[in-house]
Amino acid sequence: MKRILLLAAALTLVTTMASADDAANKDKAAHAADSAPHFEATEVKTDGTVSIAGARVDYQAVAGTIVVHAKGWDDSAPKSDKENPTAEASMFYTAYFKRGADAAKRPIMFIYNGGPGSATVWLHMGAFGPKRVVTNDDTHTPAAPYSVVNNDYSLLDASDLVFIDAPGAGFSRIAGKDAKKEFWGVDPDIHAFAEFIQSFLSKYNRWNSPKYLFGESYGTPRSAGLSYVLANDYSIDLNGVVLLSQILNFDLSVDGPETNPGIDTAYQVALPTYAATAWYHNKLPNKPKELLPFLHKAEQFAMGEYGLALAKGNSLDDKTRKDIAQKLHNFTGLPVAYILKANLRISGGEFEKNLQGDKDLTTGRLDTRFSGVTMDPLSKEAAYDPQSAAISSAYISAFNNYVRKDLKYGDGKTYKIYANVFKDWSFKHKQPDMPFAFPGSPNLMPDLAAAMKLNPDMKILLAGGYYDLATPYYEGWYEMHHLTIPPALQKNIEYRYYQSGHMVYAHIPSLKGIHDDVVDFIQRTDNVK
C-alpha cells in the first residue's frame, strides 16, 4: 500500500512538473510570437511625369510601408527582453522624388490629413499629388466614372513629397500587445510620425534636405507636437511647417461647445465663418457687396461687443441681450427669436441645420458653400456633412484605381479611408516641461510655441478657408496670436486665406492660390544657395 502511495505521489509530481513545463513553454512561445516582427517594410517603384504650369517634371514614385514601434522600443535590446514594447505599426506612404535633382538641395515635405484616423487620400488626390480627381465646386459630384487628370498644381515643382497614412488608416496597419493603446492617442500618434520621419530620412538618405511638414485639420495639432518632438527628442530642425485648417486648442471648437459651459470663445471665433456663410447663401437682411470688409466687421464684433455680452452670462440685461441678438441676426441671417432662444450661443451643428431650414437644406460643415437635403427637418443639429457626401466617392474611387493601376500597390489589400479610432483614442497630452499628461481637452499651442523657441528660424504658414466650419479660419488666427512666444517670433508666422472651405483645394482658384503660396514659402525658407 505504501509503495502504491509513493508511486502515486511520484506520478503526481511528474504530472505537476510537466504541467509547469508546459505552462512555461506556452509562455515562452507566446512571448516569442509577441516579440517576433509583425510586419515587413515594403516598397514598389514606378516612374511618372507631371506638367506644372507648362513645365514637365519627371519623377519616381515609391509606394510602400515603414515599420515603427511603440514608444520605449530599443532596437539594440535582445528580442527576449520583456521590457521592450511589442506593438508595431506598418505605416503606408507614397513618395514622389524628382528625377535628376540633388537630394541635398531638394526640399522634402511630409504631408498628412487628420481625423484623427483619416487616410491621406484627400491631400494626395485633391491637392498636391501628380494626379487630381475632378469634383464639382459646391454641388454633389455625379457617380462614376470619375475624371482623374494631370495636376497642374502639384507641389512637385518645388519639393519632393511624402504622403503618409496614420497608423490603422489607408494601407497602414497596427499589431501587437496593446497596439491601439500604443498608437491611437495624441502623444502616441506624434511618436509614430516622428519615428516614421526619422526612418524615412535614413532609408532615402535625406537627412541633409530642407524639411517641411504639411498637416491638415487634425494634422495641425499633430504638426505642432511633431515639430517640438523632432527638435527636442530627435535633433531634427524643420525649415517650415504649413498648417491648413488649424485647430490646436480643442476648447475653441464650435462642435458641441454647449458641453463646456463658461468657455464662450468658441462661439466668438466661429462667428466670422457664420457671417461668410450667410453672405454666400444670400441669407443676410442687407447683404454687403464685398465679403472681406464684412468679415472684418464680424471679427471686430465677435471679439468686442459679442464677447463682452457673453462674458456677463446670466447677468446680461434684457435690453442688451435683444440688441446683441439683432446684431447677430445681421451677421448670421438666423431669426432673432431663434438666437434669443439659443441664449446668443449657436453651435456649429445648429447653424448648419437652421441657416437654410426654410428650404429643408442642411449647410455644409467642412465647406459651408455646400448644401444637402436635410435628413430630419425637426432635428436640432445637422445629421451629416453635405460636402463629405458630395465628394467622398470620387476621391475614394479615384485613389483605389490610381494606387493599384499606376503605383502597382495594394493587390489583396483594403484601403481604409478612416480607422475607427474614436472609442480607443486617448486625448491625454503631455505638454512640454509638464510632469504628466493632462487628461482633459488637448491644447498643442504650448508645443508649437516651444518648437519655435527651440528652432527660432522655423517658419510657419497658416492657411485656411473662409467657409470652413470644422476649424473656423478665425480660430486659427486667434490661436496664433495667443502663442506664448516673444514678438520677434510672431514675425515667423504668415497667414493665407481663401474663399473655400476646410479642404481649400476643392475650389480650383483656391487650389492655385495655395499652391503658389506654398511654393513661395518653400523657396524663401529652404536655405538653398
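Residues numbered from 1 in each chain as written. Predicted model: local features only at pLDDT ≥ 70, side-chain atom pairs only at ≥ 80, totals over all residues. Heavy atoms only, no water.

*Asks:* Explanation requested: the overall build of the protein in the structure shown.
*Replies:* The helix and strand inventory of the protein stands at 15 helices and 14 strands. In summary, the protein has a C-alpha radius of gyration of 26 Å against a globular reference of 24 Å for 529 residues, a match within 12%. With the C-alpha coordinates aligned to their principal axes, the bounding extent of the protein is approximately 105 × 65 × 50 Å. By the burial criterion, 53% of the 529 residues in the protein qualify as buried. The contacts in the protein between residues at least 6 apart in sequence include a share of 72% that link residues at least 24 apart. When the accessible area of the protein is evaluated, it comes to approximately 23,100 Å², of which 54% is carbon and sulfur surface. Computed over 54 positive and 60 negative side-chain charges, the separation of the two mean positions in the protein equals 2 Å. (Helix = DSSP H or I, 4+ residues; strand = E, 2+ residues; numbered from the N terminus. Rg over C-alpha atoms; globule rule 2.2 N^0.38 Å. Buried < 20%, exposed > 50% of the residue type's maximum accessible area, 1.4 Å probe, protein only. Contact = heavy atoms within 4.5 Å. Areas by Shrake-Rupley, 256 points an atom, 1.4 Å probe, with all protein chains shown as cover. Lys, Arg positive; Asp, Glu negative; His and termini not counted. Charge placed at Lys NZ, Arg CZ, Asp CG, Glu CD.)

*Asks:* Quick question: what am I supposed to make of the packing of helix 4 (residues 186-203) against helix 5 (residues 219-233) here?
*Replies:* In the contact formed by helix 4 and helix 5, the axes pass within 9 Å of each other and the chain directions differ by 55°. Classed by the angle they form, the pair helix 4 and helix 5 counts as oblique. At the point where helix 4 passes helix 5, the crossing takes the right-handed sense. Where helix 4 approaches helix 5, its residues D189, I190, F193, A194 and I197 are matched on the opposing element by R222, G225, L226, V229 and L230. (Axes fitted to C-alpha atoms, helices over the stretch in contact; angles between N-to-C directions. Parallel < 35°, antiparallel > 145°, perpendicular 65-115°, else oblique. Left-handed = near helix turned anticlockwise from the far one by under 90°.)

*Asks:* Help me understand the pattern of salt bridges in this model?
*Replies:* When the charged atoms of two side chains lie near each other, side chains of opposite charge can form a pair. According to the stated counting rule, one finds 24 salt bridges in the structure shown. The partner of K380 in a salt bridge is E350, and the shortest N-O contact between them spans 3.5 Å. Here E350 lies in helix 10 (residues 348-354) and K380 lies in the loop between strand 12 (371-373) and helix 11 (386-405), a separation of 30 residues in the sequence. Classification of E350 by relative accessible area gives buried; the value is 9%. When salt bridges that share partners are traced, they join E494, R496, D517, D520 and R524 into one network. (Salt bridge = Lys/Arg side-chain N within 4 Å of Asp/Glu carboxyl O.)

*Asks:* I would appreciate a short explanation of the packing of aromatic side chains in the present structure.
*Replies:* Across all of its chains, the model carries 33 aromatic pairs by this definition. Both rings, one in Y212 and one in F521, keep their centres 6.2 Å apart while their planes meet at 70°; by these two values the pair is edge-to-face. One end of the pair, Y212, is in strand 9 (residues 211-216); the other, F521, is in helix 15 (residues 508-525), with 309 residues separating them in the sequence. One exposure class covers both Y212 and F521, and it is buried. Among the aromatic residues, those joined into a cluster by ring pairs are Y93, F97, F110, F196, F200 and Y204. Its end group placed over the ring of W279, K287 keeps NZ or CZ at 4.5 Å from the ring centre. (Phe/Tyr/Trp six-rings, centres within 6.5 Å; stacked < 30°, edge-to-face > 60°. Lys NZ or Arg CZ within 6 Å of the ring centre and 35° of its normal.)

*Asks:* Help me out: how do you make sense of the confidence of the model for the protein in this one?
*Replies:* Note that predicted coordinates carrying low pLDDT should not be read in detail. Of the residues in the protein, 92% have a pLDDT of 70 or more, and the chain-wide mean is 93. When the criterion is pLDDT under 50, residues 1-18 qualifies, and its contacts beyond four places in sequence or with other chains add up to zero contacts. Overall, residues 27-33 carries pLDDT values under 50, and its contacts beyond four positions in sequence, including any with other chains, amount to five contacts. (pLDDT = per-residue confidence, 0-100.)

*Asks:* When you look at the environment of F399 in this model, what are you seeing that I'm missing?
*Replies:* Note on placement: F399 falls in helix 11. Along the sequence, F399 and K131 sit 268 residues apart, while their C-alpha atoms lie 9.4 Å from each other. Contacts of F399, omitting those with residues within four sequence positions, involve F92, V121, H124, M125 and Y415.

*Asks:* When you look at the pairing of strand 10 (residues 240-244) in this model, what are you seeing that I'm missing?
*Replies:* A regular strand places its side chains on the two faces of the sheet in alternate fashion. Within strand 10, five of the five residues are buried, leaving the element largely enclosed by the surrounding structure. Going residue by residue along strand 10, you find G240, V242 and L244 tucked away on one face and V241 and L243 tucked away on the opposite face as well. In terms of strand pairing, strand 9 meets strand 10 through five bridges, oriented parallel. Following the sheet pairing, L213 is matched in strand 10 by V241. Handedness of the crossover joining strand 9 and strand 10 through helix 5: right-handed. For strand 10 and strand 13 (residues 459-465), the ladder comprises five bridges, and the chain directions are parallel. When the bridges of strand 13 are listed, L243 appears paired with L462. (Pairing = 2+ DSSP bridges. Right-handed = clockwise from strand over helix to strand, strands pointing away.)

*Asks:* Would you take a moment to explain helix 8 (residues 318-332) for this structure?
*Replies:* Working note: α-helix, 3.6 residues per turn, so residues spaced by three or four point in the same direction. Helix length check: helix 8, at 15 residues, gives a terminal C-alpha distance of 21 Å against a target of 21 Å (1.5 Å per residue), a fit within 8%. Those residues of helix 8 not exposed but buried are R321, I324, A325, L328, H329, F331 and T332. An end-on view of helix 8 places all buried positions within 165° of arc, on one side of the element. Buried residues belonging to helix 8 abut helix 6 (265-280), helix 7 (291-311), helix 9 (336-341) and helix 10. Its side-chain oxygen 3.2 Å from the backbone nitrogen of K319, D317 forms the N-cap of helix 8. (Expected span 1.5 Å × (residues − 1). Arc of directions from axis to C-beta. Polar contact = N/O pair within 3.5 Å; in protein donor to acceptor, adjacent residues only side chain to side chain.)

*Asks:* Just checking my understanding: could you explain unusual backbone geometry for this structure?
*Replies:* Working note: non-glycine residues mostly have negative phi, and peptide bonds are mostly trans. A cis amide bond links G115 to the next residue, P116, at an omega of -5°. With respect to the helices and strands, P116 occurs in the loop between strand 4 (108-112) and helix 2 (122-128). The peptide bond linking A144 to P145 adopts the cis configuration, its omega dihedral lying at 10°. Structurally, the position occupied by P145 is in the loop between strand 5 (131-133) and strand 6 (148-150). The residue D178 is not glycine, and still its phi comes out positive at about 55°. Positionally, D178 belongs in the loop between strand 8 (173-175) and helix 3 (179-183).

*Asks:* Explain the side chain of T374 to me, please; I cannot follow it from the model alone.
*Replies:* Secondary-structure assignment places T374 in the loop between strand 12 and helix 11. Since its relative accessible area comes to 10%, T374 is described here as buried. In terms of polar contacts, T374 uses its side chain to reach the backbone amide nitrogen of L361, at 3.4 Å. Apart from residues no more than four positions distant in its own chain, T374 is found in contact with K353, D360, L361 and T362.

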